[in-house]
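# Summary of the model geometry
Below are the chains, spelled out letter by letter.
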Amino acid sequence: MQVLVVGSGGREHALAWAARQSDLVDHVYVAPGNAGTSLEPNTTNIAIGAEDIQSLLEFAIKNRIDLTIVGPEVPLTLGITDTFVECGLRCFGPDANAAQLEGSKDFTKRFLKRHGIPSAEFRTFNDISAACQYIDHIGPPIVVKADGLAAGKGVIVAESADVAKKAATDMLINLRFGAAGEKVVIEDFLPGEETSYICIVDGEDILPLASSQDHKAVFDGDTGPNTGGMGAYSPAPIVDPEMEQRILDEIIQPTVKGLMKEGIRYTGFLYAGLIIDDRGNPQVLEFNCRLGDPETQPLMFRLRSDLIDLIVAAVDNKLATVRASWDDRAALGVVLSAKGYPGNYSKGNRITGTDAVESTDVKVFHAGTAFDSDGNLIADGGRILCVTALAPTVKQAQLRAYEMISQISMDDMHFRRDIGNKALAYTMED
Ligand code: GLY
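Here's what I pulled together on the structure shown here. Here the structure is a predicted model, which means the values were calculated and not measured.

### Thoughts on the site of the ligand
The ligand sits among Asp214, Lys216, Gly228, Tyr271, Asn288, Arg290, Gly292, Asp293, Pro294 and Glu295. The side chain of Arg290 places a nitrogen or oxygen atom 2.9 Å from an oxygen atom of the ligand. Contact with the protein chains covers 91% of the free accessible surface of the ligand, which is 200 Å². Among the residues forming the shell around the ligand, the class breakdown is two nonpolar, three polar and five charged.

In structure tokens, the structure reads:
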């Protein structure tokens, strides 16, 4: 099979890495990919942007691509799957209608309410004075969300009514996120611990992936602004077998069935961003219509099944016939970012030491990387690398990942030093 992976981040490097190991796959193309994907065997980067659906389609037809796997949300919400399927091509990811689950917070909150799926109380506004009145009514802390896609920056947790009103004003009046902020969702803040729960769905059946947990804040101790994610591990001890069953029964299954009832057949990765609230109940914070980044990096490092086998089963509506098996060891990935990310940061700093750290239990997944004209590896984005380690316990995986990071150098490099500590609190590891 010829496989095309769409995207350029750490998630897409991990997907391409897993795909190229499949016995079913002859060659993997990544559009546009990064320096890391260009170095993988049997893998070629293609200079087409992830949102240029027409060029991707032409490439897929010309190169007889058998399966396209879409990493990021934007091409999915723009309808890449609809376009590919109309032309008779296999494309893994929800169609534009189903991708609204990520593309519109208002759509999702209304859907959750209609189907009695647990999530915070909310109201949606396009008028600033009504939004401010509601903010005064519910009081802090308050969550203000841009309705549309805002590259992970459209959710503000406000500790005061003034901060919430400023966030709503920025979105509704100053159009900080453009059209994505023309509507805002204002919801109650739910205290608790966040976790990710990701499945493969074929319209009807659900194949859960191993549990994983992300670290969204930029600094240690979950402080500072939210990022796309600064590190992740799998499994996540907060999702014990009892909690997993509750998540499936109370959230994932009602979601897939509810979508079906409304005429929406969801096929693709389905990512539930959850909070396990203070009373131990799982509630939906958001849905994503794709895999998480950086959750994918530890997940793919632990996956022992053939990824392509699982995806083909889903595309062919035969998901019930396959099972996913996982390495018993824990995997933990730490993101190395540019100083300043998620705000302004510089590009072009040289990166050294990545080759020396790779082994059977350590993999460096690239994100914002490129080669300069002399062939040197350089930083080319906010999140740059995700150093991922496998070890018998989370603690050992953590030690191994950080030991390897100490061998990587780059000016203005930033990373969190506490990835995995939350898991240690559950497992009572030292
Ligand atoms: N890691 C969070 C996300 O992918 O949205």
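### Considering the sheet that holds strand 17 (residues 282–288)
Ordered in space as 11-10-16-17, the four strands form an open sheet in which the pairing is antiparallel. The sheet is open, and its two edges are formed by strand 11 (206–208) and strand 17, each paired on a single side. Adjacent strand axes in the sheet meet at a mean angle of 35° when their direction is disregarded. In this sheet, strand 16 (residues 267–277) lies alongside strand 10 (residues 192–202) in antiparallel orientation, the contact comprising 11 bridges.

### Remarks on the pattern of salt bridges
A full pass over the atoms with the stated rule returns 28 salt bridges. Here Asp222 and Arg416 are joined by a salt bridge, their closest N and O atoms 3.0 Å apart. Pair noted here: Asp222 is in the loop between strand 13 (217–219) and strand 14 (223–226) and Arg416 is in the loop between strand 23 (413–414) and helix 15 (421–427), with a separation of 194 residues, a long-range link. Judged by its relative accessible area of 38%, Asp222 is partly exposed. Linking Asp277 and Arg279 is a salt bridge whose minimum nitrogen-to-oxygen distance equals 4.0 Å. Using a relative accessible area of 8% as the deciding quantity, one classes Asp277 as buried. Taken together, the shared-partner salt bridges connect Arg20, Glu40, Glu358 and Lys363 into one network.

### Quick notes on unusual backbone geometry
In this structure, Pro32 follows Ala31 across a cis peptide bond, with omega equal to -5°. Within the secondary structure, Pro32 sits in strand 2 (residues 27–32). Phi is positive for Asn42, close to 55°, though the residue is something other than glycine. When you line up the elements, Asn42 lands in the loop between helix 2 (35–39) and strand 3 (43–45).

### Side note on the packing of helix 8 (residues 128–138) against helix 9 (residues 161–172)
Direction vectors running N to C along helix 8 and helix 9 enclose 160°, while the axes themselves pass 10 Å from each other. The pairing of helix 8 with helix 9 is recorded here as roughly antiparallel in orientation. The interaxial crossing formed by helix 8 with helix 9 has right-handed handedness. Contacts from Ile128, Ala131, Cys132, Ile135 and Asp136 in helix 8 reach Ala161, Ala164, Lys165, Ala168, Thr169 and Leu172 in helix 9.

### Overview of the sheet that holds strand 8 (residues 155–158)
Strand order in this open sheet of four strands is 6-9-7-8, and the pairing throughout is antiparallel. Among the strands making up the open sheet, the edge pair consists of strand 6 (122–125) and strand 8. Across the sheet, the mean angle from the axis of one strand to that of its neighbour is 20°, orientation sign disregarded. Judged from the four bridges that link them, strand 6 and strand 9 (residues 184–188) form a sheet pairing that is antiparallel. Pairing of Phe122 across the sheet is with Glu187, part of strand 9. Here helix 9 sits on the sheet in contact with strand 6, strand 7 (142–146), strand 8 and strand 9, set at roughly 5° to strand 7.

### A short note on the pairing of strand 4 (residues 67–70)
Burial along strand 4 is two-sided: Leu67 and Ile69 and Thr68 and Val70, pointing in opposite directions, are all buried. Strand direction decides the pairing type here: strand 1 (residues 2–7) and strand 4, joined by four bridges, are parallel. Bridged to Val3 within strand 4 is Leu67. Strand direction decides the pairing type here: strand 4 and strand 5 (residues 91–92), joined by two bridges, are parallel. Across the sheet, the residue bridging to Ile69 is Phe92, located in strand 5.

### Examining the side chain of Thr43
By the secondary structure assignment, Thr43 is in strand 3. The buried category is assigned to Thr43, whose relative accessible area is 9%. There is a polar contact of 2.8 Å between the side chain of Thr43 and the backbone oxygen of Pro41. Not counting residues within four places of it along the chain, the set of residues in contact with Thr43 comprises Arg20, His27, Val28, Val30, Thr37 and Ser38.

Rules behind the numbers
- Residues numbered from 1 in each chain as written.
- Predicted model: local features only at pLDDT ≥ 70, side-chain atom pairs only at ≥ 80, totals over all residues.
- Heavy atoms only, no water.
- Near = heavy atom within 4 Å.
- Polar contact = N/O pair within 3.5 Å; in protein donor to acceptor, adjacent residues only side chain to side chain.
- Areas by Shrake-Rupley, 256 points an atom, 1.4 Å probe, with all protein chains shown as cover.
- Nonpolar A, V, L, I, M, F, W, Y, C, P; charged D, E, K, R; others polar.
- Pairing = 2+ DSSP bridges.
- Helix = DSSP H or I, 4+ residues; strand = E, 2+ residues; numbered from the N terminus.
- Axes fitted to C-alpha atoms, helices over the stretch in contact; angles between N-to-C directions.
- Salt bridge = Lys/Arg side-chain N within 4 Å of Asp/Glu carboxyl O.
- Buried < 20%, exposed > 50% of the residue type's maximum accessible area, 1.4 Å probe, protein only.
- Parallel < 35°, antiparallel > 145°, perpendicular 65-115°, else oblique.
- Left-handed = near helix turned anticlockwise from the far one by under 90°.
- Contact = heavy atoms within 4.5 Å.

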